[in-house]
Amino acid sequence: MTAPSRPLLLRGGLVGGRRQDVSIRDGRIARVGAGLDAAGHDALDVTDRLVLPGFVESHIHPDKAFIADRTQGLSAGGPTPQTLVAELKKSFTVEDVYQRARRVIELAVRHGCTTMRAHVEVDAFVQLRGVEALRRLQADVAGVLDLELIAFAQEGIFHDGVTQDLLREALKTGLGTLGGCPYMDRDQRAHIDWFFETAQAFGVPLDFHADSGDDPEQLTTDYIAEQTLARGMQGRVTLGHLCMLDVLEPAHRARVIGRIRDAGIHVISLPATELHVKGRADVTRTWRGVTRIGELREAGINVSISTNNIVNPFTPYGHPDLLRQALVTAMSAHLGNLDQLAWLPELITTNPARALGLEGYGLAEGCRADLVVLDARDAAQAITEQAEKLYVVKAGRVVARNTRTHELALDRRE
Ligand SMILES: [Zn+2]
């Protein structure tokens, strides 16, 4: 791997649709242009390979990854994934969480991720053991991956007398975001109020797992938007899932989308999990639960996609590869036309970067040199062929290099 201090030149890559060189110095993009001088640089030939900013996982659960083999999977009428995982959490140790989460990070980096915001569950079952493991991991992977952490209340906050204090404790240890899950408490509004009050007290942004069901009576997005505006937290609130949007009548849906936009709320869709979890008990027309990504984007809302779960009852085939999520999204959200494939990478790069408030993100001169080089000429080919990520660069240093080989017993005929 390249030493951190040595300037790097990516030669001939496709940046913004044109063949250009990218010169990198001191962890930042120094210049982008054709025919740059390679003197004093380590040069990598990436001619006609697609260069994108590093992928950003904005909603992912490394603390409960790789536990599918410890429990049964989902079945119609069977226990919810929350119930299955809650039981397992009791026996999580710090070391166990650390090792599984570390495996997630290694795979994510290998697949082009340079920044990740991860949920860490904080509750009566696991207490602060996940926080301890992920804080350690955050320090251990610094320089290779920026790992941001969310103190997340997967079990709700009104079922016991300890979770609220534990969440405050997690924020005091330095977790940068507070994560709520209104549908896990009977009084969703009281839950939402507590999260806004606590986030304001600690000066941290909010991330909700919200409206994951299909009963419009349970909708909370409009209340979250109202509170976001009332408390002046525009741009600092994120909603994950938002499946319910899909089942609202068109006029109602348009109103809710308008409120999301007015409140500057970021939306994150988690298509792989929705496809696995939703509609299991439906007798006909099994609902797949993916939110209206195209409509949200059309309305000017900052919408992203993320991996969410990895090899657990929520998503047994989950894998921290955002290019895979782009393909899942194309298939599950009616976004497979060529113009749509062309913008889908925004959902795993610039949009989540904006949701996380990342500074200096992108491919412009002066930006932080976090990028990924794909073995494809454009986004449609990258997504369709699930192209290899040839190089992953973090702060100007190559942190992953991947190759794919094949042998084929066919002559190429012109
Ligand atoms: Zn989640």
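See the structure printed just above.
None of these values were measured; they are calculated from a predicted model.

1. Some thoughts on empty space enclosed by the protein
If you walk through the whole model with that rule in mind, you get one cavity of 30 Å³ or more. Of the voids in this model, the largest cavity is the one considered here, and its volume is about 30 Å³.

2. Structural notes on the pairing of strand E1 (residues 8–15)
Residues in a regular strand point their side chains to alternate faces of the sheet. Within E1, seven of the eight residues are buried, leaving the element largely enclosed by the surrounding structure. Alignment of E1 against strand E4 (residues 42–45), held across four bridges, turns out to be parallel. Across the sheet, Leu9 pairs through a bridge with Ala43, a residue of E4. Here E1 runs beside strand E2 (residues 18–25); their pairing, made up of six bridges, is antiparallel.

3. Regarding the nonpolar core
The biggest cluster of nonpolar side chains holds 97 residues, and the ones touching the most others in it are Met116, Leu147, Leu178 and Phe208. Broken down by element, the residue count for this core peaks at eight residues, all from helix H2 (residues 94–110). Not counting residues within four places of it along the chain, the set of residues in contact with Phe208 comprises Gly180, Pro182, Ile192, Phe195, Phe196, Ile224, Val237, Thr238, Leu239 and Gly240.

4. Examining the environment of Pro216
With respect to the secondary-structure elements, Pro216 resides in the loop between strand E10 (206–210) and helix H6 (221–230). Judged by relative accessible area, Pro216 falls into the partly exposed class, the value being 37%. Separated by 127 residues in sequence, Pro216 and Lys89 have C-alpha atoms that sit 31 Å apart. With near-sequence residues (within four places) excluded, Pro216 lies in contact with Met244, Val247 and Leu248.

5. Remarks on the coordination of the zinc ion
The zinc ion binds to the protein through His59 (NE2), His61 (NE2), His209 (NE2) and Asn308 (OD1); the donor distances cover 2.0 to 2.4 Å. Each of the four donor atoms bound to the zinc ion contributes to angles spanning 86 to 175 degrees, and the resulting shape is irregular. Each donor residue of the zinc ion lies on one chain, and together they are spaced H-x1-H-x147-H-x98-N. Pair noted here: His59 is in strand E6 (residues 55–60) and His209 is in strand E10, with a separation of 150 residues, a long-range link. Per residue, the accessibility class of His59 equals that of His209, and both read buried.

Cut-offs and rules
Residues numbered from 1 in each chain as written. Predicted model: local features only at pLDDT ≥ 70, side-chain atom pairs only at ≥ 80, totals over all residues. Heavy atoms only, no water. 1 Å grid on protein atoms, 1.4 Å probe; cavity = no way out; pocket = protein on both sides within 12 Å on 5 of 7 lines; lining within 4 Å. Points joined across faces, edges and corners; volume = space filled by probe spheres on them. Buried < 20%, exposed > 50% of the residue type's maximum accessible area, 1.4 Å probe, protein only. Helix = DSSP H or I, 4+ residues; strand = E, 2+ residues; numbered from the N terminus. Pairing = 2+ DSSP bridges. Core = buried A, V, L, I, M, F, W, Y, C linked by side-chain atoms within 4.5 Å. Contact = heavy atoms within 4.5 Å. Donors = N, O, S within 2.8 Å, 3.2 Å for Na, K, Ca; no water. Tetrahedral: all angles 85-135°; square planar, octahedral: opposite > 155°, others 65-115°.

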